Amino acid sequence: MSKYDFDLFTIGAGSGGVASSRRAASYGARVGICEESRIGGTCVIRGCVPKKLLVYGAQFTDAFADAAGYGWHVAPPVHDWASLIAAKNREIDRLNGIYIKLLEDSGVKIFEGRGRLIDAHTIEIAGKRVTAERILIATGGHPTVPAIPGIEHVISSNEALDLLSLPRRVVIVGGGYIAVEFAGIFNGLGSHVTEVFRGDELLTGFDDDVRVALAQEMRDRGIELLARTEIVRIEKVGPGYTLFTDKGAELSADLVMYATGRKPNTKGVGLEEAGVQLNKAGAVAVDEKQRTTVPHIYAIGDVTDRLNLTPVAIAEGRAIAETLFNDNPMTVDHENIATAVFSQPPVATVGLTEGQARKIHGAVDIYRARFRPMKHTLSGRSERTMMKLVVDRESDRVLGCHMVGTDAPEIIQGLAIAVKCGATKRQFDQTIGIHPTAAEEFVTMRDKVPEPKADAAE
Ligand code: NDP
């Protein structure tokens, strides 16, 4: 019998922590988990899931408008924000209940409260101490905002999901995943949205064609995009706010939302007491087996600040459980992980951008298609879909697939398997398309984009 209360104790019951704990318990390990907020974590309670429900809600605006081209006569639709938020909350409550039940049914003991390491084998939760042979840090991350005067007036995505009413004018600061997703939500539901970001284009790190195409579509939907702009001060004026930019301009808003990145939750966890070191970026440092600097303490997901995506945290958590409790050593391959941005229209991508591919592989061939989706021939919507393949000229391997357009996340998920398997462009070409779909374009692209002039290539 082990001298510890648990074989594994997990701090943080988000998607990664829950997945790891359940998998470990399924192999007979005695597992405990603690959570200071609601079980389910960022993704289920205040991230991916509620956000996507609001995205669905916002997409109906397009459906009503597009229906006219198909002979529908629809009275001007009226949206009730409070109903949407209430329905979303019911679904989150349901999922929270499912997560709790899944843990209980797996035999994982749940502790309510913040977990803090007292030493390398002891965790304190709400005044109670337990010991564990192995510990998993799965504490996630939190939104961060720059320290400018008036920053206390802004909200983050956490609060944006629970507003009492839909603001008329919203300014969103940031150009990343969360900012563009909420720009689409608020715009779709009828707010006037201005998105302010400091870079030249939205979505730093994505393929440049994706970044340009998305901005075009967002502008066409009436979202104002202010590039190369920073907010230096925010003042409360009556019921609203005035934002002052570094260009000397002023913006008025009823709501200011910041989505300027997230930081790992490392404070107050007792990491130092246990000897767990952080890396230069302030995240928990881990090796390829998710081990921290203390070999029996592991970390997964956003607290390690690598690929901050739910399925990555889940895979990392399960890999630990397989390795430790099923004699099945596993590591997670972080290469070619597909990702999507649920903007309107959505973006999805897997593999290398053109810029990355040119740097790593030198000679690459680019295939690109921009077209009006068939649905919009009758709807009259001017929206265009963009698809792009990045191919290694020497090996013919497809290095990257990128898409902006309806169903992009659903389409790219399948292509991610092909990229993961090392499929070549020839194999893409040999694949017969499904007609008529947008997806078939990925297997029918024939013409290479002309080579950029030497000084234009990244
Ligand atoms: P991101 O890192 O994606 O984007 C942060 C944005 O804020 C960038 O545009 C960045 O600019 C900008 N920024 C950072 N600091 C400042 C500052 N001081 N002043 C002005 N602008 C600033 O962060 P998000 O908050 O959008 O999302 C966090 C993470 O959550 C994502 O990286 C992703 O991993 C995950 N996520 C995934 C989703 C999905 O899979 N669909 C959805 C939502 C989140 P610059 O680019 O110039 O640095």
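Report follows, based on the coordinates. (Residues numbered from 1 in each chain as written. Predicted model: local features only at pLDDT ≥ 70, side-chain atom pairs only at ≥ 80, totals over all residues. Heavy atoms only, no water.)

**Thoughts on the sheet that holds strand 8 (residues 169–173)**
Pairing between the strands of a sheet comes from backbone hydrogen bonds, and it takes one of two forms, parallel or antiparallel. Strand order in the open sheet formed by four strands is 10-9-8-14, with parallel pairing between adjacent strands. The open sheet has two edge strands with one neighbour each: strand 10 (224–226) and strand 14 (255–258). Strand-to-strand twist of the sheet, defined as the mean angle between neighbouring strand axes without regard to direction, takes the value 20 degrees. Pairing of strand 8 with strand 14, which is carried by four bridges, proceeds in the parallel orientation. For V173, the partnering residue across the bridge sits in strand 14 and is Y258. (Pairing = 2+ DSSP bridges. Helix = DSSP H or I, 4+ residues; strand = E, 2+ residues; numbered from the N terminus. Axes fitted to C-alpha atoms, helices over the stretch in contact; angles between N-to-C directions.)

**Observations concerning the packing of aromatic side chains**
All told, the structure shown has six aromatic pairs when counted by the stated rule. Centroid distance Y177 to F206: 5.6 Å. Interplanar angle 70 degrees. Geometry classified as edge-to-face. Of this pair, Y177 sits in helix 6 (residues 177–189) while F206 is found in the loop between strand 9 (192–196) and helix 7 (208–220), placing the two residues 29 residues apart along the sequence. Taking the relative accessible area as the measure of exposure, Y177 reaches 30% and is therefore partly exposed. Taken together through their ring pairs, the aromatic side chains of F6, F9 and F111 make up a single cluster. Here K109 stacks its cationic end above the ring of F111, 5.0 Å away from the centre of that ring. Over the face of the ring belonging to F244 we find R233, whose NZ or CZ atom lies 3.9 Å from the ring centre. (Phe/Tyr/Trp six-rings, centres within 6.5 Å; stacked < 30°, edge-to-face > 60°. Buried < 20%, exposed > 50% of the residue type's maximum accessible area, 1.4 Å probe, protein only. Lys NZ or Arg CZ within 6 Å of the ring centre and 35° of its normal.)

**What about the site of the ligand?**
In the neighbourhood of the ligand, 18 residues make up the surrounding shell, with G175, I178, R198, T204 and A340 lying closest. Residue I178 places a main-chain N or O atom 2.9 Å away from an oxygen atom belonging to the ligand. G261 places a main-chain nitrogen or oxygen 3.1 Å from an oxygen atom of the ligand. Protein chains bury 74% of the 910 Å² of accessible surface belonging to the ligand in isolation. Take the shell around the ligand: its biggest share by element is three residues, from helix 6. Of the residues contributing to the shell around the ligand, the split by class is seven nonpolar, seven polar and four charged. (Near = heavy atom within 4 Å. Polar contact = N/O pair within 3.5 Å; in protein donor to acceptor, adjacent residues only side chain to side chain. Areas by Shrake-Rupley, 256 points an atom, 1.4 Å probe, with all protein chains shown as cover. Nonpolar A, V, L, I, M, F, W, Y, C, P; charged D, E, K, R; others polar.)

**A word on the sheet that holds strand 18 (residues 347–351)**
In spatial order, the strands read 17-18-21-20-19; together these five strands make up an open sheet with antiparallel pairing. Each having just a single partner strand, strand 17 (339–341) and strand 19 (364–371) make up the two edges of the open sheet. Taking each pair of neighbouring strands and ignoring which way they run, the sheet shows an average axis angle of 10 degrees. Sheet topology places strand 19 next to strand 20 (residues 385–392); eight bridges connect them, and they run antiparallel. Bridged to V364 within strand 20 is D392.

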